[in-house]
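The chain contents come next:
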Amino acid sequence: MHTHKIGYFVGSLSSTSINRTLSKALLELAPDDLEFTEIAIRDLPLYSQDFDADFPPPARALKEAIEASDGILFISPEFNRSIPGALKNAIDWGSRPWGSNSFAMKPTGIIGASPGGIGTAVMQASMRSVLSFLDAPQLNAPEAYITFRDDVFGSDGEVRDEATAKFLRHFMEEYDAFVQRVLAVTAPGHIGDELPEIRR
Ligand code: FNR
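The structure displayed is predicted, hence computed values, not measured ones.

Thresholds, definitions, all that
- Residues numbered from 1 in each chain as written.
- Predicted model: local features only at pLDDT ≥ 70, side-chain atom pairs only at ≥ 80, totals over all residues.
- Heavy atoms only, no water.
- Helix = DSSP H or I, 4+ residues; strand = E, 2+ residues; numbered from the N terminus.
- Buried < 20%, exposed > 50% of the residue type's maximum accessible area, 1.4 Å probe, protein only.
- Areas by Shrake-Rupley, 256 points an atom, 1.4 Å probe, with all protein chains shown as cover.
- Lys, Arg positive; Asp, Glu negative; His and termini not counted.
- Charge placed at Lys NZ, Arg CZ, Asp CG, Glu CD.
- Polar contact = N/O pair within 3.5 Å; in protein donor to acceptor, adjacent residues only side chain to side chain.
- Contact = heavy atoms within 4.5 Å.
- Near = heavy atom within 4 Å.
- Nonpolar A, V, L, I, M, F, W, Y, C, P; charged D, E, K, R; others polar.
- Pairing = 2+ DSSP bridges.
- Axes fitted to C-alpha atoms, helices over the stretch in contact; angles between N-to-C directions.

(A) View of the overall build of the chain. Helices and strands together make up the secondary structure of the chain, namely five helices and five strands. When its helices and strands are written in sequence order, the chain yields β-α-β-α-β-α-β-α-β-α. In terms of its C-alpha atoms, the chain occupies a principal-axis envelope of roughly 50 × 45 × 25 Å. Within the chain, the fraction of its 200 residues that count as buried is 50%. Surface accessibility of the chain: about 9900 Å² in total, with carbon and sulfur atoms responsible for 51%. If the 18 positive side-chain charges of the chain are averaged to one point and the 28 negative ones to another, these points end up 4 Å apart.

(B) Representation of unusual backbone geometry within the structure. The step from Arg 96 to Pro 97 runs through a cis peptide bond, and the omega angle for that step is 0°. Among the secondary structure elements, Pro 97 is positioned in the loop between α3 (85-95) and β4 (108-114). Omega for the peptide link from Ala 141 to Pro 142 comes to 5°, which places this bond in the cis form. Mapped onto the fold, Pro 142 is located in the loop between α4 (121-133) and β5 (145-147). The residue Asn 80 is not glycine, and still its phi comes out positive at about 50°. The residue Asn 80 is located in the loop between β3 (71-75) and α3 in this model.

(C) Highlighting the side chain of Glu 78. Tracing the backbone shows Glu 78 in the loop between β3 and α3. Polar side-chain contacts of Glu 78 include one of 2.9 Å to the backbone nitrogen of Val 122. Among the polar contacts made by the side chain of Glu 78, one reaches the main-chain amide nitrogen of Met 123 at a distance of 2.9 Å. Residues contacting Glu 78, with those up to four places away along its chain left out, are Ile 118, Thr 120, Ala 121, Val 122 and Met 123.

(D) Structural view of the site of the ligand. By nearness alone, every residue bordering the ligand is listed as Ser 12, Ser 14, Ser 17, Ile 18, Asn 19, Pro 77, Glu 78, Phe 79, Asn 80, Arg 81, Ser 114 and Pro 115. Within the side chain of Ser 12, an N or O atom sits 2.6 Å from an oxygen atom of the ligand. In isolation the ligand exposes 610 Å². Once the protein is present, 68% of that is buried. Its residues assigned to classes, the shell around the ligand comprises four nonpolar, six polar and two charged.

(E) Quick peek at the sheet that holds β4. On the basis of which strands lie adjacent, the open sheet formed by five strands has the order β2-β1-β3-β4-β5 and parallel pairing. Each edge of the sheet is formed by a strand with only one pairing partner; in this case those strands are β2 (34-38) and β5. On average, each strand axis in the sheet is tilted by 25° relative to the strand beside it, whichever way the strands run. Strand direction decides the pairing type here: strand β1 (residues 4-10) and β3, joined by five bridges, are parallel. Bridged to Tyr 8 within β3 is Leu 73. Running over the sheet, helix α1 (residues 18-29) touches β1, β2, β3, β4 and β5 and is turned about 130° from β4. Contacting β3, β4 and β5, α4 runs over the sheet at an angle of about 160° to β4.

Laid out in structure tokens, this is it:
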């Protein structure tokens, strides 16, 4: 079995983050060939072009982690109908200096949870625009807008509702297949000789 390294961002700095809880559930439900490493955003200073000549250690670590990943997964809240500032700041760091965009051609997935009914849909639309500009292929479908409920998600990653678990498992399977499809083109030696099945 070929394993694929997935770097994941949690777009919340909250100690009680529902999106961190969602991230634990996704890691539990994901296919076994995916290996996950969190790409931390907490210690990054606010990005400025003044840093371009000499990135600080947390920003260097961020870019190295993105570049070492086969795929990138964003698990994020929606803040004021857009991308939380801490996550956008991290993306800005990863995209620079000009000419060294670490996200280029990285297969990406986006998912997020909110207590409200639209489940981060507007944040995800903003993310798609940003990732398009960064030349990062995106999983288009399934979309995953998660309305968070305490009775469904345990803090340790347990999902108590089978329909929700089934949907999240399906999302991660489709993300895995998408990563493999992109790698088949961008890094053919990585996945072996066989093209992965296109499932729809
Ligand atoms: C929010 N929240 C929110 N929810 C939403 O569905 N759409 C939105 O636009 C916003 N806007 C927003 C702005 C700010 C500054 C905060 C702090 C919160 C509510 C948000 O979904 C809720 O606080 C989640 O718990 C945030 O996710 P984490 O941090 O718990 O993962």
